[in-house]
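Remarks on the overall topology
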Amino acid sequence: MAISSSSSLSLHVCNVKKSDLLINRVHIFVHGTALLALFYYRFITLFRIIKTGETPFLPYFLVTFAELVLAFLWLLHRASKWRPVRREAFPERLPEDGKLPPVDIFICTADPSKEPSIGVMNTVISAMALDYPPEKLAVYLSDDGGAPVTLSAMKESWKFAKVWIPFCRKYEVKTRCPEAYFSGPESAYQALFSSAEFTAARKEIEKEYEEFKGRLEKSIEIIGNSVSKDHPPIVEVINDDDLGKNIQITSSSDQVIKDVERDGTSHKGMPLLVYMAREKRPSHPHHFKAGAINSLLRVSAIISNAPYFAVIDCDHYCNDPTSARQAMCFYFDPEISPKLAWVQFPQHFYNISKHDIYDGNLHYYWREWEGLDGLRGPTITGCNFYMRREAFYGMDHIPKDLDLNQLRKIFGSSIELIKSTFKSYEPKVSRDSGKASEEVKKEIHLVASCTFDTETEWGALVGATYNSLVEDSMTSLILHTRGWRSVWIDPPRPCFLGTCPTNLNDTLVQQTRWGYGLLKMALSKHSPLLYGPFRMSIFQSMAYAALTMDPFYFIPVYVLGIVPSICLLHGIPLYPDVSNPFFYIFAFVFMSSQLKHIQEVVSFGDPLRTALYDLRVWMMKSGACYLYANVNLVLDLFGLNEANFSLTSKVVDDEQAKRHQEGIYDFQSSPQLMAPMCSLYILNFAAFVIGTTRILLQSGKGSELIAQVMIPLFGVIVNYHLFVGMFLRADKGRVSPHVTRFAFVIAAVVFFLGTILLV
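First, a word on what this report is: a plain description of the structure on this page. Since the model is a prediction, treat every value here as computed from it, not as a measurement.

Examining the packing of helix α1 (residues 18–52) against helix α2 (residues 57–77)
- Packing of α1 against α2 leaves a shortest axis separation of 11 Å and a crossing angle of 160 degrees. Classified by the interaxial angle, the pair formed by α1 and α2 is roughly antiparallel. Note that α1 runs across α2; the crossing there is left-handed.
- Class assignment of the residues belonging to the contact of α1 with α2 gives a composition of 16 nonpolar, five polar and two charged.

Here it is in structure tokens:
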């Protein structure tokens, strides 16, 4: 049901990017026509080679196949270029607070040694301080490690939040993450509060924050960062009401009522704060982040049951306190609200240098997401989204006349959880005291257990999808095919700010994991090109297919990085002579794609150098991450690979961070990730030098090898950072000499094997 707004003014606007739309569509037509001409030449030449044998068949076939893969992936990506849009919300036009719906905020963490407590608690506090009616806001932290230090930090955060939140409200503080506020420059609006009162209040609150950090550090020293993979469920509503107690639920102590320290300050006007560590047992699958989100859904359904919830990563703090209100601008729109499942905000990062050499800003994706928003919306991007609970439950696909036993097969055995799916349900936990009946405590204990969703529809029809490393993309596809839509909004002030990998190793490991998950999705029963067209538009299906099939870029990168170079070294032409008109078709296709990429980068507002960094990251992903993603997929088909989820460490290495800020690549990465890229570079460098020399010495044959010289030259120039890392640097972040020597060996082996097979 759509929420109605009494305001006559629009709560949001959607503007089509007309200039980009026109450029994109013209480019699709012109570039597509050139591709048709290119493949006309390829196929007639291929047939001639079959008849005459004038050129070795295998290398020519492989190059043609690689170009077909490139063209196919290019075509899939055109769907996201068809109608790019930008949105703007006007939260000041929303109705009064009394008409706003409740919102639950979900934050997930797993290991305090990789996700330091101070950073996680800053995210929790910033979420508690959102500009939203506190009586309608609940913040949940899922601690998959069941770490005692995290629970202790939550209690300390509650104490600090009681003084921090009133301070933010009184002085209209926009940066409500304490660490960001105290470490950042004074904003212009705060200059209005340069009174002695504000100065004294700020000094006092800063002192409170330093004491808060000191208590967290002391807790770490005493308790440690230990985590558990075998623990009972723990759910605690954290407050300090003089009349109430906190719920603490464990299987060992059943339902224990436990006091928390009181400091005499009332918690009236504070949001609900809940700690949850779902049950973990080594013998039961826990389904990674999807399992954590589904557990949060069930626990929150009984405690607060807000019709909307947000998912925030523990390292992404709320930078703009109006994010919930901005999301409501879309849910209050009667035109789109009835089928609007989620509102997606981008991931922005505060630790990005001006160079962004690892594409940490993810602008490659955000440029695509603007186009997806012009269709029926972007995918879920892991975090920073507000979701309609009804959509996540799959209520539109559940018959209305099911009896209790049938509902149990869908939602599980909890009667209270089933009751919560009805709009008339009232949560059974007091927001003021955290008190609940013994029966409700047992229900909360039940839904947080590790066996609750066994033989139910959780992870399939209901909630986040299981058995996928890219549960966000899979869940998005399922919701879109059910008829739901989403919107993308990227306001001038980022609503969320987080940390991204600032070294090459973390970037490559993360991209390998994503690539493997996307490949499994592409070849599953939910393959977008097979599952999508009968359930959503062809353009949406193409967009999802482009996302999941990107790891196949490793095919053209390796084929075009190896075959033309080997043939160049043997004087075998694979491209038309300069005097052949089709030579200019090939040249046009190459220049067209590069110039279009530059246009997209500049149009998005990024500096020109970003186009080079994008290209480098694409080549490194294709040469390392996508290669191993495909290898893992093949191993998985034979049952030799087990999916796993590894956390990206949020602990900062000062030396690596310094190199990142200076725009210097850090090549301290796994040899198996670095060696393929370095060996390709060495092979192409040798092919360019030797091939160019041969052309200069053998007059009369050079014109038919010009294109083949340009390919390795392009790779050598774009990836000059690899040359520097292998041969010109001596610092700790260089390419390891062992990797360089190993890359030479690989390049030599590839050359000799290629010579045997191709020539």
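Things to note about the packing of helix α15 (residues 504–522) against helix α20 (residues 609–637)
- Between α15 and α20, the least distance of the axes is 8 Å, while the angle of their chain directions is 45 degrees. Looking at the two axes, α15 sits oblique to α20. Crossing angle aside, the handedness with which α15 passes α20 is right-handed. Of α20, the residues touching α15 (which contributes Leu 504, Leu 508, Gln 511, Thr 512, Gly 515, Tyr 516, Leu 519 and Lys 520) are Met 620, Lys 621, Cys 625, Tyr 626, Tyr 628, Ala 629, Asn 630, Asn 632, Leu 633 and Asp 636.

Remarks on unusual backbone geometry
- Despite not being glycine, His 287 shows a phi value in the positive range, around 60 degrees.
- If you trace the backbone, His 287 turns up in the loop between β8 (272–277) and α7 (288–303).
- Unusually for a residue other than glycine, Phe 288 sits at a positive phi of about 55 degrees.
- Looking at the secondary structure, you find Phe 288 in helix α7.
- Given a relative accessible area of 25%, Phe 288 falls into the partly exposed group.

Points about the state of the cysteines
- Enumeration according to the criterion identifies zero disulfides in this entry.
- There is no disulfide at Cys 108, and the cysteine sulfur nearest it, in Cys 314, is 8.4 Å away.
- With no disulfide partner, Cys 177 has as its closest neighbouring cysteine sulfur the one in Cys 318, 8.9 Å distant.

Basis of the calculations
Residues numbered from 1 in each chain as written. Predicted model: local features only at pLDDT ≥ 70, side-chain atom pairs only at ≥ 80, totals over all residues. Heavy atoms only, no water. Axes fitted to C-alpha atoms, helices over the stretch in contact; angles between N-to-C directions. Helix = DSSP H or I, 4+ residues; strand = E, 2+ residues; numbered from the N terminus. Parallel < 35°, antiparallel > 145°, perpendicular 65-115°, else oblique. Left-handed = near helix turned anticlockwise from the far one by under 90°. Nonpolar A, V, L, I, M, F, W, Y, C, P; charged D, E, K, R; others polar. Contact = heavy atoms within 4.5 Å. Buried < 20%, exposed > 50% of the residue type's maximum accessible area, 1.4 Å probe, protein only. Disulfide = S-S within 2.5 Å.

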